There are 2 protein chains.
Amino acid sequence: MTETRRRGRRPSGADTKTALIEAATEAFAAQGYDKATVRDIAGRAGVDPAMVNHWFGGKEGLFAAAMQIPVNPAEIIEGALRGGREHAGEQLVRTFLHVWDTTGGGVFAGLVRSVAGHELAAKLLREFVTRFIFGRLAKEIGADRPELRGALTGSQMVGLGMMRYVVKLEPIASADHDTLARAIGPTIQRYLTGDIDI
Amino acid sequence: MTETRRRGRRPSGADTKTALIEAATEAFAAQGYDKATVRDIAGRAGVDPAMVNHWFGGKEGLFAAAMQIPVNPAEIIEGALRGGREHAGEQLVRTFLHVWDTTGGGVFAGLVRSVAGHELAAKLLREFVTRFIFGRLAKEIGADRPELRGALTGSQMVGLGMMRYVVKLEPIASADHDTLARAIGPTIQRYLTGDIDI
């Protein structure tokens, strides 16, 4: 959409990016994902709307950046489904551990601090978790009750992140990815595709 | 132990309790659970060691109070095992939801804020989770690898608390206890007694 509206204004680099993230954080928190528009966010940041595509690949990527999640949600979904739906549980655990370990868990811990302290951050995370990661994964897999399945999946993944990077509880804190994928993968698999008896 | 050492000094009420909790928080954080002694904590608080039994039922209860966990760990274990080991998963979910809902989730959310912000709080929580709740439950149930089983159990329970009380993600935030116990109970049951394939 903004793709067709480039007016040739040059990105001013890191400043533009920072201004967009700040404006986006405010706009998404105040209006939610749907109502906040790229045009409005760019206006607040004082830059051309085309910069959103340039720096973030679109509105969704800007949202992920505002949430300080250094990963494209589409890549996580793709990673989880790479081995087929019957291996989605284990693959999702592996994909997240890979992303989190890459930052030493710092991004996850920062997110928890932010969410624990601010209702707005919690609201943004709800939206992110539901729409772009776990809820969407559950929908793509096509099981019944995708909202509940997505939320259950989110609860185990967030708990894994808490134990590994925030509480740093052993043996989870230093377990290798194989161990955790085999131990926790079946939980996620059941939440996504199994009989959850409700 | 301190039971036999009462010297008749009167409790001065809420002040004594508060002073003991403050002294205990410092002592447990600095020395860990084992090395911190009731006598030393009472000394820091300027009260008779017998007050620890009087107000907290002993060192373990004082530790739970310092962690701001308004529940006796022994009661949680007992609640989880009430229906036999083959129902421990579902019962543990029910027991925690009951305790958390009683405070509106405020205590859980406060604990997360505290843990996310302070390495010392995280250290105390590690000790609490491992020794008094999930680790002990796994040991009492008698399965192999109790540390890993306890940590996995903790990861799902902490994630449930995060989603219900901090992120407030629906449908978990307002689901009834039966729904959550049936959806999440089997996860905990597998972590405690099942084949975790590692």
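Residues numbered from 1 in each chain as written. Chains lettered and ligands numbered in written order. Predicted model: local features only at pLDDT ≥ 70, side-chain atom pairs only at ≥ 80, totals over all residues. Heavy atoms only, no water.

Caption draft 1: Focus on the overall build of chain A. Of the regular secondary structure elements, chain A holds 10 helices and zero strands. When its helices and strands are written in sequence order, chain A yields α-α-α-α-α-α-α-α-α-α. Relative to the 2.2 N^0.38 estimate, which gives 16 Å for 198 residues, the radius of gyration of chain A is 18 Å and therefore close to what a compact globule would have. For the C-alpha atoms alone, the extent of chain A along its principal axes is close to 50 × 35 × 30 Å. Each of the 198 residues in chain A was classed as buried or not, and the buried ones make up 55%. Averaged over its 25 positive side-chain charges, chain A has a centre that lies 5 Å from the centre of its 23 negative ones. (Helix = DSSP H or I, 4+ residues; strand = E, 2+ residues; numbered from the N terminus. Rg over C-alpha atoms; globule rule 2.2 N^0.38 Å. Buried < 20%, exposed > 50% of the residue type's maximum accessible area, 1.4 Å probe, protein only. Lys, Arg positive; Asp, Glu negative; His and termini not counted. Charge placed at Lys NZ, Arg CZ, Asp CG, Glu CD.)

Caption draft 2: Spotlight on the nonpolar core. Counting 144 residues, the largest nonpolar core has Leu 20 and Phe 28 of chain A together with Leu 20 and Phe 28 of chain B as the members making the most contacts within it. Ignoring sequence-local partners within four residues, the contact set of Leu 20 of chain B consists of Ile 41, Ala 42, Ala 45, Val 47, Met 51, Val 52, Phe 56 and Leu 62 of chain B. (Core = buried A, V, L, I, M, F, W, Y, C linked by side-chain atoms within 4.5 Å. Contact = heavy atoms within 4.5 Å.)

Caption draft 3: Here's a closer look at the packing of helix α1 (residues 14-35) of chain A against helix α8 (residues 119-141) of chain A. Residues and elements named next belong to chain A. Viewed as axis vectors pointing N to C, α1 and α8 meet at an angle of 50 degrees, and their least axial separation amounts to 10 Å. Comparing the axis directions of α1 and α8 gives the class oblique. As for the relative orientation of α1 and α8, their crossing is left-handed in sense. On α8, the residues touching Thr 25, Phe 28, Ala 29, Ala 30, Gly 32, Tyr 33 and Asp 34 of α1 are Leu 120, Lys 123, Leu 124, Glu 127, Arg 131 and Phe 132. Grouping the amino acids of the contact of α1 with α8 by side-chain chemistry returns seven nonpolar, two polar and four charged. (Axes fitted to C-alpha atoms, helices over the stretch in contact; angles between N-to-C directions. Parallel < 35°, antiparallel > 145°, perpendicular 65-115°, else oblique. Left-handed = near helix turned anticlockwise from the far one by under 90°. Nonpolar A, V, L, I, M, F, W, Y, C, P; charged D, E, K, R; others polar.)

Caption draft 4: Representation of the interface of chain A and chain B in the model. At the interface, 41 residues of chain A touch 41 residues of chain B. Summing both partners gives a buried area of about 3,500 Å² for chain A against chain B, and 69% of it is carried by carbon and sulfur. When the buried surface of chain A facing chain B is broken down by residue, Ala 116, Val 167 and Leu 169 of chain A rank first, second and third, together holding 14% of it. There are two salt bridges connecting chain A and chain B. (Buried area = accessible area lost by both parts, 1.4 Å probe. Salt bridge = Lys/Arg side-chain N within 4 Å of Asp/Glu carboxyl O.)

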